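# Examination of the molecular architecture
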Amino acid sequence: MAFEQFIPGATAVGVTFDDGVVLAAEKRISLGTYVMSKSGKKTFKLTEKVGAACAGMIADMQILMRQIEAFAKIRKLEIKRELPPNSIAKMLSTVMFERRYFPLLTQIIIGGINNKPVIYTLDPLGSILPDEYAAVGSGAEMAIGVIESKYKRGLSEEDAKNLAIQAIRAAIARDAASGDGVDMLIINKEGIKEESIRFVS
Amino acid sequence: MSNYVDAHKLHGTTTVGLQCKDGVVLATDNRATAGFLYIAHRNVKKIAKIDNHVALTMAGTVADAQNMVDILRYYANTYRLQNKRPIPVKSCARLASNVFFANRFYPYIIEILVGGYDEKPDLYKIDLFGSINKESFVSTGSGSFVAYGILENEFKEDMRVDEGAKVAARAINAAILRNAGTGDGIDVTIIDANGYRELSREEKLSMIIK
């Protein structure tokens with residue numbers, strides 16, 4: 001059975017800048033060649049200061065994000081302080097690796113600030129890799145090409161946002177599984193701002 | 001579904017381990033690939049410190065390798081607390097082997113080198129089913145064939161670690177040039193009587209320029 005065909009494609013990117021992180025993902029949910037939704041949401045607020053952008057099976061990412069959100073709340077009550085993004089990433093990794101035999105079909109970018117802005121990429125089995133910028137999903141090849149050619153250290157928030165949008169646009173142009181708009185999380189010391197752009201066709 | 005996981009899980013590597021006269025040298029590249037040669041990450045640390053006198057290199061599935069590191073760190077710390085001395089390198093290798101064999105029917109898809117220093121240098125290769133092999137020089141990963149070409153010619157049993165580090169760095173460099181699954185940078189670590197030390201960028205550069 002060509003099960004893969006029914007795992008939605010997607011593009012999600014993360015870019016660190018001067019004093020924060022931009023996470024972005026496009027809005028299309030497709031089932032094979034059928035566009036099932038043009039208003040999917042693949043960016044998630046996990047805590048007041050840590051966010052995520054995902055690609056892959058929608059159900060798996062939604063359940064996983066709700067689960068981690070709950071774990072993070074409980075852990076915050078236990079330790080009486082905000083959880084740093086590396087702890088959230090490790091929590092995710094643990095939950096994902098527990099399902100090593102029947103993996104959650106999703107790739108995730110976690111972003112936040114721990115002294116300096118950081119992002120972590122997780123594969124379906126739960127590996128954690130830190131980076132300054134990243135792209136995941138079926139449009140990752142196109143998106144990472146754009147980010148890699150334009151990225152430099154110490155971008156402003158506006159520049160980082162534009163770079164993320166540009167990367168997603170490039171992916172949308174050449175990946176049929178991506179499209180319809182961009183959701184963004186802009187994370188800085190104050191907290192998380194959400195923005196959304198719709199591409200009308 | 002396993003196809004989806006195969007296409008998205010991270011893997012690919014060359015690692016090298018050398019047992020020298022006064023210590024052990026571990027070296028790896030920095031590339032992670034996903035699916036067929038898509039470069040998913042260009043700055044991966046594939047040498048993991050288990051304790052101040054022992055480390056491992058990873059080749060294979062990154063998630064499995066990171067989990068193995070977590071397990072070995074846990075046992076190394078527990079050992080240190082219970083026995084009031086650091087875990088012997090050989091015990092660390094045996095532990096890894098036991099973890100592998102316990103998962104015999106759904107293996108961790110990794111090949112690791114465990115190297116360290118306890119009174120003497122010690123180096124082991126452990127495969128995904130749990131076999132342990134003591135080695136004086138060894139390489140794993142997709143670029144290991146290329147690396148062996150250098151190692152077979154240049155490795156000597158009575159080398160010091162500074163000479164060994166040079167051979168290791170050159171072996172990884174050769175693999176980067178001739179193996180597409182390997183690339184993006186070199187990590188070199190020396191473990192000797194002074195403990196665990198990662199070489200700086202300048203030290204590494206001076207080693208691969210002839």
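Structure: above.
Let me begin by describing the structure that accompanies this report. Bear in mind the structure is a predicted one, so any value in this text is a computation, not a measurement.

## Re the sheet that holds strand β7 (residues 54-60) of chain B
Residues and elements named next belong to chain B.
- As summarised here, the arrangement of the 5 strands in space is β6-β7-β8-β9-β10, forming an open sheet in which the pairing is antiparallel. The strands lining the two open edges of the sheet, one partner per strand, are β6 (47-51) and β10 (132-134). In this sheet, adjacent strand axes meet at a mean angle of 25 degrees when their direction is disregarded.
- Here β6 runs beside β7; their pairing, made up of 4 bridges, is antiparallel. Each bridged residue has a counterpart across the sheet, and for K49 the counterpart in β7 is A55.
- Sitting on the sheet, helix α2 (residues 62-83) is in contact with β6, β7 and β8 (110-118), with an inclination near 20 degrees to β6.
- Across the sheet, helix α3 (residues 89-102) is in contact with β6, β7, β8, β9 (120-126) and β10; its angle to β8 comes to roughly 160 degrees.

## Topic: the interface of chain B and chain A
- Opposite the 25 residues of chain B that make contact, chain A presents 28 residues.
- Summed over both sides, the interface of chain B with chain A buries roughly 2,200 Å², with 61% coming from carbon and sulfur.
- For the pair chain B and chain A, the interface holds 3 salt bridges.
- D70 of chain B is the salt-bridge partner of K90 of chain A, the closest N and O atoms lying 2.5 Å from each other.
- Summed over the shared surface of chain B and chain A, the result is 8 residue pairs in polar contact (both at pLDDT 80 or more).
- Taken together, the elements giving at least two residues each to the side of chain B that touches chain A come down to α1 (2-8), β5 (38-41) and α2 of chain B.
- Looking at the side of chain B that touches chain A, the element that brings in the most residues is α2 of chain B, giving 6 residues.
- Considering only residue class, the side of chain B that touches chain A consists of 13 nonpolar, 8 polar and 4 charged.

## A short note on the pattern of salt bridges
Residue and element names in this part refer to chain A.
- Considering all chains together, one arrives at 25 salt bridges over all chains under this definition.
- Linking K76 and E82 is a salt bridge whose minimum nitrogen-to-oxygen distance equals 3.6 Å.
- Exposure remark for K76: the relative accessible area of 36% places this residue in the partly exposed category.
- Residue E82 is classed as partly exposed on the basis of its relative accessible area of 31%.
- A network of salt bridges, in which partner residues are shared, links E158, K161 and E195.

## A closer look at the nonpolar core
All names here are of chain B.
- Among the nonpolar cores identified, the biggest contains 31 residues, and I50, L56, M68, I112 and V114 are the most heavily contacted of them.
- At the level of elements, α1, β6, β7, α2, α3, β8 and β9 are the ones that each hand at least two residues to this core.
- Ranked by residue count, the leading element in this core is α2, at 7 residues.
- Residues in contact with L56, not counting those within four places in the same chain, are L26, K46, I47, A48, I50, V69, L72, I112, L113 and V114.

## Re helix α5 (residues 161-178) of chain B
- A rise of 1.5 Å per residue sets the reference length of α5 of chain B, with its 18 residues, at 26 Å; its end C-alpha atoms lie 25 Å apart and thus fit the reference within 8%.
- The inward-facing, buried residues of α5 of chain B contact β2 (14-19), β3 (23-29), α4 (144-154), β12 (186-192) and α6 (201-208) of chain B.

## Concerning unusual backbone geometry
- Positive phi outside glycine occurs at K80 of chain A, with the angle close to 55 degrees.
- In this structure, K80 of chain A sits in the loop between α1 (58-79) and α2 (85-98).
- The backbone phi angle of L37 of chain B is positive, close to 60 degrees, even though this residue is not glycine.
- Considering the arrangement of structural elements, one finds L37 of chain B in the loop between β4 (32-34) and β5.

## Things to note about the packing of aromatic side chains
- The tally for this structure, following the rule as stated, stands at 7 aromatic pairs over all chains.
- Each ring, one from Y74 of chain B and one from Y75 of chain B, has its centre 5.2 Å from the other, and the planes form 70 degrees; the classification is edge-to-face.
- Taking relative accessible area as the criterion, Y74 of chain B reaches 52% and is therefore assigned exposed.
- For Y75 of chain B, a relative accessible area of 36% translates into the label partly exposed.
- Their ring planes at 70 degrees and their centres at 6.4 Å tell us that F137 of chain B and Y148 of chain B sit as a pair that is edge-to-face. In this pair, F137 of chain B sits in strand β11 (residues 137-141) while Y148 of chain B sits in helix α4, placing the two residues 11 residues apart along the sequence.
- Its relative accessible area of 18% is what places F137 of chain B among the buried residues.
- Here the aromatic residues F97 of chain A together with F100 and Y108 of chain B are joined through ring pairs into a cluster of three or more.
- The ring of Y124 of chain B has K134 of chain B lying over it, and the distance from NZ or CZ to the ring centre is 5.3 Å.

## So, the sheet that holds β12 of chain B
Residue and element names in this part refer to chain B.
- A sheet is described by the order of its strands in space; here 5 strands give the open sequence β11-β2-β3-β12-β13, paired in antiparallel fashion. The open sheet has two free edges, formed respectively by β11 and β13 (195-198), since each of these has just one partner strand. Here the average twist between neighbouring strands, direction ignored, is 15 degrees.
- For β3 and β12, the ladder comprises 7 bridges, and the chain directions are antiparallel. What sits directly across from L26, in β12, is T189.

## Structural notes on the pairing of β12 of chain B
Residues and elements named next belong to chain B.
- Extensive coverage of β12 is indicated by the burial of 7 of its 7 residues.
- Covered by surrounding structure in β12 are I186, V188, I190 and D192 together with D187, T189 and I191, the residues of both alternating faces.
- Sheet topology note: the β12/β13 ladder contains 4 bridges and is antiparallel. Bridge pairing in β13 places I190 opposite R197.
- Between β12 and β13, which follow one another and run antiparallel, lie 2 residues.

About the cut-offs
For every chain, the first residue of its written sequence is number 1, and the numbers climb from 1 along that sequence. Ligands are numbered from 1 and chains lettered from A, in the order in which they are written. Totals for whole chains, interfaces and linings use all residues, but because this is a predicted model, local features are given only for residues with pLDDT of at least 70 and pairs of side-chain atoms are given and counted only at 80 or more. To get the side-chain values, all heavy atoms of the structure are used, and hydrogens and water are removed first. When DSSP finds two or more bridges between two strands, those strands count as paired. Numbering of helices and strands starts at the N terminus; helices are DSSP runs of H or I of at least 4 residues and strands are runs of E of at least 2. Think of each axis as a best-fit line through the C-alpha atoms, taken over the contacting stretch in the case of a helix, with angles from 0 to 180 degrees between the N-to-C directions. The criterion used for residue contact is that any of the two residues' heavy atoms lie within 4.5 Å. The term buried area means the drop in 1.4 Å probe accessible area that two parts suffer when joined, counted for both and summed. By definition, a salt bridge exists where a carboxyl oxygen of Asp or Glu is found within 4 Å of a side-chain nitrogen of Lys or Arg. We define a polar contact as two N or O atoms separated by no more than 3.5 Å, with the added condition that, inside protein, one atom must be a possible hydrogen donor and the other a possible acceptor, whereas residues neighbouring each other in sequence contribute only through side-chain atom pairs. Residues are grouped as follows: Ala, Val, Leu, Ile, Met, Phe, Trp, Tyr, Cys and Pro are nonpolar; Asp, Glu, Lys and Arg are charged; all remaining types, including Gly, are polar. Relative accessibility under 20% of the residue-type maximum defines a buried residue, over 50% an exposed one, and the middle range a partly exposed one, all with a 1.4 Å probe and only protein chains included. What is meant by a nonpolar core is a set of buried Ala, Val, Leu, Ile, Met, Phe, Trp, Tyr and Cys residues, joined one to another through side-chain atoms within 4.5 Å. To estimate how far a helix should extend, the number of its residues minus one is multiplied by 1.5 Å. The rule is short: rings of Phe, Tyr and Trp, with Trp giving its six-membered ring, pair when the centres are within 6.5 Å, and they are stacked under 30 degrees, edge-to-face over 60, tilted in between. Here, over-ring charges are defined by two tests on the NZ atom of lysine or the CZ atom of arginine: distance to the ring centre within 6 Å, and angle to the ring normal within 35 degrees.

Scope: geometric values only; no functional claims are made or implied.
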